[in-house]
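Observations on the three-dimensional arrangement
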Amino acid sequence: MSEGIDQPDQAEKLTGGSTDLFSKFDDTIAMRANLLASGVEDPFSLVMEKVLSPTRAICNGRDTILLGTYNYMGMTFDPDVVEAGKQALDDFGSGTTGSRVLNGTYQGHKECEDALREFYDMDHAMVFSTGYQANLGIISTIAGKGDYVVLDIDSHASIWDGCAMGNAEVVPFKHNDIEAMEKRLKRIPEGAGKLVVLEGVYSMLGDVAPLAEMVRIAKENGAMVLVDEAHSMGFIGENGRGVCEEAGIIDDCDFIIGTFSKSVGTVGGFCVSNHPKFEILRLMCRPYVFTASLPPSVVATAATSIRKLMHGSNKRAHLWENSKRLHSGLTEMGFTLGTDEPQSAIVAVIMPDLEKGAAMWSALLQEGLYVNLARPPATPANMTLLRCSLCAEHSAEEVETILQMFQNAGKAVGII
Ligand SMILES: Cc1ncc(COP(=O)(O)O)c(C=O)c1O
């Protein structure tokens, strides 16, 4: 193994006989070693030597179609977005070197929050350094000891970590199960603080939550509601506000969390809300206060991108076409997909096991296609998935080429 991370003799020398705190990683080390011993390329350390566009990069010296970037709206190479970043670098320098509550709030951070307020038509917007930190910060700050967080069992790691950090009682329910959610809500002691946390699109299978019903039930049971729209912002809903908009319940959501690392095309996270006391979170929320703010070039690209996404209906329509075509093409070839119908820009292909999944991932890369290989514990029900995320910049011809690549790789590996 290139980096010597699974050499037990070396580990013993290093620890000098004391309990090795790394022994808890042994199963994962063995899994990785077995995978590489089967001769496949490491699916978790691919290097993109050059990125040519939102849909193409050079990987291993070869022009590769990207189908696993979450770059749904293809904003990373938008000329206005790139220009805004360059200008901010010139005008404000490379970084803020400080927290938002000290020296880290520049004009660009305010403009980015203005763009978000306008995009969602909400009173307040707070920008974090990542989406992970937005969930970590908001959930841990509003739901503390003695409060209850009712959440979908398939929630993103940042949601679970936010619950753990806040020390709230965590009450998970079966994925997208409205009745199970209601039952759990009704069991919470009278008078306790309640937060229901949902996602618009669940990123592993690409399925959408039944938000209209869930939010109604949460409200009837006296809970506040937070919806993570990481994988739906920019794409789903008439104005790209997400599944909340599509379901007509955006005004019933107390908090919407999002990220700049997907449709917006850069890095960062945010929370928008109409709560009248929202601004106090800027002083109370540790993952906002105790970390440096985003660089000026990043907030400038984010603000420009968000403003352009408001007018992205043509791109949204094309992305739906791409998603539908990929979903129907793969189904016709005999692949098993995560959803019966296309519900988002994510199409998940279910693999029989990790070995076959890695072999298929490798065969696709040989064909010139990059997808994400996802495995437990990130995936539900111990599944191995090839996750495809489409981009509005994939042309219809590119989608046909992608389907041909799946056919070739699937036959070579013996999956179809
Ligand atoms: C549902 C969900 N929430 C939050 C995040 C975190 O976003 P970020 O990449 O900005 O940290 C992700 C990222 O994958 C996500 O899928």
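Going along each chain's sequence as written, the residues are numbered from 1 onward. Residue-level local features of this predicted model are given only where pLDDT is at least 70; pairs of side-chain atoms are given and counted only at 80 or more, and the full residue set underlies all totals for whole chains, interfaces and linings.

This part takes up the domain arrangement of the chain. The domains assigned to the chain are domain 1 (35-73 + 313-413) and domain 2 (78-309). When each unit is reduced to the centre of its C-alpha atoms, the spacing between domain 1 and domain 2 is 27 Å. The partner domain 2 presents 20 residues to the 19 residues of domain 1 that form the contact. Per-element tally for the side of domain 1 that touches domain 2: the top contributor is strand 13 (residues 346-351), with three residues. Note on residue classes: Ala, Val, Leu, Ile, Met, Phe, Trp, Tyr, Cys and Pro are nonpolar, Asp, Glu, Lys and Arg are charged, and everything else, Gly too, is polar. When its residues are assigned to classes, the side of domain 1 that touches domain 2 shows 12 nonpolar, six polar and one charged. For each domain, the first and last residues come from an automatic or database assignment. Here, residues touch in the contact sense if the C-beta positions derived from the backbone fall within 7 Å of one another. Segments assigned H or I by DSSP are reported as helices when at least four residues long, segments assigned E as strands when at least two residues long, and all are numbered from the N terminus.

In this usage, the nonpolar core is the set of buried Ala, Val, Leu, Ile, Met, Phe, Trp, Tyr and Cys residues whose C-beta atoms join them within 7 Å. Each residue is classed by its C-beta neighbour count within 10 Å, where at least 20 other C-beta atoms makes it buried, 12 or fewer makes it exposed, and intermediate counts make it partly exposed; the C-beta atoms are placed from backbone geometry. Judged by nonpolar contacts, the single largest core of 120 residues is most densely connected at Ile139, Val149, Leu211 and Val349. Two domains share this core, each providing at least three of its residues, namely domain 1 (35-73 + 313-413) and domain 2 (78-309). Residue contacts for valine 349: discarding those within four places in its chain leaves Leu330, Phe335, Leu337, Leu385, Leu386 and Cys388.

Right, let's get into helix 6 (residues 157-166). Ser158, Ile159, Gly162, Cys163 and Gly166 are the residues of helix 6 that are buried. Seen from one end, helix 6 has its buried residues packed into an arc of 145°, which puts them on one side. Close packing links the buried residues of helix 6 with helix 5 (131-142), strand 5 (148-152), strand 6 (169-173), strand 7 (194-199) and strand 10 (224-228). With its phi angle positive at about 70°, asparagine 167 sits one or two positions after the end of helix 6. This arc corresponds to the set of directions leading from the helix axis out to the C-beta atoms.

We now examine unusual backbone geometry. The bulk of non-glycine residues show a negative phi, and the bulk of peptide bonds are trans. Here the amide bond leading from proline 376 into proline 377 is cis, since omega sits at 5°, within 30 degrees of zero. Here proline 377 shows up in the loop between strand 15 (372-374) and strand 16 (384-389). Despite not being glycine, tyrosine 70 has its phi angle at roughly 60°, a positive value. Its place among the elements puts tyrosine 70 in the loop between strand 3 (62-66) and helix 3 (79-92). Its 19 C-beta neighbours within 10 Å are what place tyrosine 70 among the partly exposed residues. If you check the backbone angles, asparagine 176 has positive phi at about 60° while not being a glycine. Looking at where asparagine 176 falls in the secondary structure, it is placed in the loop between strand 6 and helix 7 (178-187).

Near, for a residue, is defined by distance from a backbone-placed C-beta atom to a molecule or strand, with 6 Å as the limit that must not be exceeded. Close to the ligand lie 14 residues, the nearest being Thr130, Gly131, Tyr132, Ala230 and Thr259. With three residues, helix 5 is the single largest residue contributor to the shell around the ligand.

Here we take up the environment of serine 323. Along the chain, serine 323 falls in helix 13 (residues 313-333). The class of serine 323 is buried, set by 24 C-beta atoms lying within 10 Å. Between the C-alpha atoms of serine 323 and threonine 141, which are 182 residues apart in sequence, the distance is 37 Å. Once residues within four sequence positions are removed from consideration, serine 323 is found in contact with Pro342, Ala345, Val347 and Leu390.

Moving on to the sheet that holds strand 13. Two strands form a pair only when DSSP identifies at least two bridges running between them. With antiparallel pairing, the three strands of this open sheet are ordered in space as 13-16-15. Sheet topology places strand 13 and strand 15 at the edges, where each strand pairs with a single neighbour. With direction set aside, neighbouring strand axes in the sheet form an average angle of 25°. Strands in contact with helix 13 are strand 13 and strand 16; relative to strand 13, the strand with the most contacts, it is inclined by about 20°. Every axis in this analysis is a line fitted to C-alpha atoms, fitted for helices over the stretch in contact. Angles between the N-to-C directions lie between 0 and 180 degrees. Packing of helix 14 (residues 354-367) onto the sheet brings it into contact with strand 13, strand 15 and strand 16, and relative to strand 16 it is tilted by some 35°.

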